Structures are given as structure tokens and as C-alpha cells.
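Secondary and tertiary structure notes
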Amino acid sequence: MQEEVLPQQDEFEQEQQEPEELPEQQPVLHPVCAQVHLRQLFHQGHWQEQLPEQLPEGTVVRTPLKKSVIYSSVHCALLEELGTGNAIGGVCDLKYIRLVAIHERVAAGKIADCGDGMNPDMEKIIDLHPDAILLSPFENSGGYGRVEKLNIPLIECADYMETSALGRAEWMRFYGL
């Protein structure tokens, strides 16, 4: 039987060297990269961390959205196709949505019917505590009325205004966040 000779504790500690510390990465200033940085913070469990000071002015939307209110049947269908239909917490204009899965979840109480898109049920939206409201911008509407005052990020889904396929593809990439 052979005996193994184990190195002494001091020798073992000398063999293990501390890894060289990498310099701390600074957040990137580009808005798309800033969104990616925020997403990385979320996935790394740093959801409560403060935002970097160098971000440009604008509305902060933390991704992925866990619950949202959708004003458009087109965007409901898109979220369903992307496999994120479970993030739909409420819809407006349910009478125009022809998606069986949405109607089934509304009937089951998993999605709230938030009323008409031009005059949504504010109490239902407040009760939902959505991460964002996805709506289509209305030309010459003068704003979004009371929904603007809820302090919930409004995402104006202007993908239909794009004139190129690449422009629309960029919007789909955005919805995939």
C-alpha cells in the first residue's frame, strides 16, 4: 500500500494565489446599453441597486416586465407570440381583442379588463400595480389624461409608424426585453 504525502498547510496556501482583481466596470452611457445594464443588474439579483448617475433623462423601465397593462390587441398577440403573455396583467378595449387565451384569462380573473382605452378604469389599473402601460400614441390627443398622473411608466408603442422592416424588427427586439 502506498502512502500519499499531503503538502503542509503553508505550502498549500502558497500554491493558491489570490486572483487578480479586475477594475470595476463603469456603466455605458448609450441608452440601449443602459437598458441592458439594468437588465443584468436584475438578473444578478441587484434589483434594488441605485441607478447609475450617468443615465440620460427619461423614464426608467425595469425589465423584464412582470405585469403590464396593454392597450392594443396587436401588442397582446405579440407578447403571446414571444412567450411572455403571462406578463399581461390588464387590457383595455377587450371587445376588440380576438385572442382566445386572453379572453380565457380574463374570465379566470388572471387578466383585468381595464375598460375603454380612451377612458380606462383607473381604479383597476391602480390595483394592478403594473410595471408599465403599453399604449399606442394618439395624434393630436393632448396627452393621456389621468393615466399620465399615476406615476407608472408609459411605453408609447409607435412600431406601426415605422416605414421599414428593420425599424419594426427593432421594436420587436425592444418588446423581447
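Here the structure is shown first, and the text comes after it.
This report concerns the structure included in the present document.

Reading guide: rules and limits
- Along each chain, residues carry numbers from 1 onward, in the same order as the chain's sequence is written.
- With the structure being a predicted model, the display of local features is reserved for residues of pLDDT at least 70 and the display and counting of side-chain atom pairs for 80 or more, all residues being used for whole-chain, interface and lining totals.
- To get the side-chain values, all heavy atoms of the structure are used, and hydrogens and water are removed first.
- Take the buried residues of types Ala, Val, Leu, Ile, Met, Phe, Trp, Tyr and Cys, join any two whose side-chain atoms come within 4.5 Å, and each joined set is a nonpolar core.
- Residue exposure (1.4 Å probe, protein chains only): buried if accessible area is under 20% of the type maximum, exposed if over 50%, otherwise partly exposed.
- Secondary structure is summarised from DSSP: a helix means a run of H or I of at least four residues, a strand means a run of E of at least two, and numbering begins at the N terminus for each.
- Whether two residues are in contact is decided by their heavy atoms, any of which lying within 4.5 Å being enough.

With that out of the way, let us pick up the nonpolar core. In this structure, Cys 76, Ile 88, Val 91, Ile 102 and Leu 134 are the most contacted members of the largest nonpolar core, which totals 18 residues. When contributions to this core are tallied by element, the ones reaching two or more residues are α3 (73-81), β2 (88-91), α4 (100-107), β6 (132-135) and α6 (165-175). In contact with Cys 76, other than residues within four places in its own chain, are Ile 70, Ile 88, Val 91, Ile 97, Leu 99 and Ile 102. Formed by 12 residues, the second largest nonpolar core is a distinct cluster that contains Ile 125, Leu 128, Leu 135 and Tyr 144.

Residue Pro 64 is reached from Thr 63 by a cis peptide bond, and omega for that bond is -5 degrees. Structurally, Pro 64 can be placed in the loop between α2 (31-43) and β1 (68-70). In this model, His 129 sits at a positive phi of 50 degrees, which is unusual for a non-glycine residue. Taking the relative accessible area as the measure of exposure, His 129 reaches 63% and is therefore exposed. If you check the backbone angles, Asn 151 has positive phi at about 65 degrees while not being a glycine. Position of Asn 151 relative to the elements: it lies in the loop between β6 and β7 (154-156).

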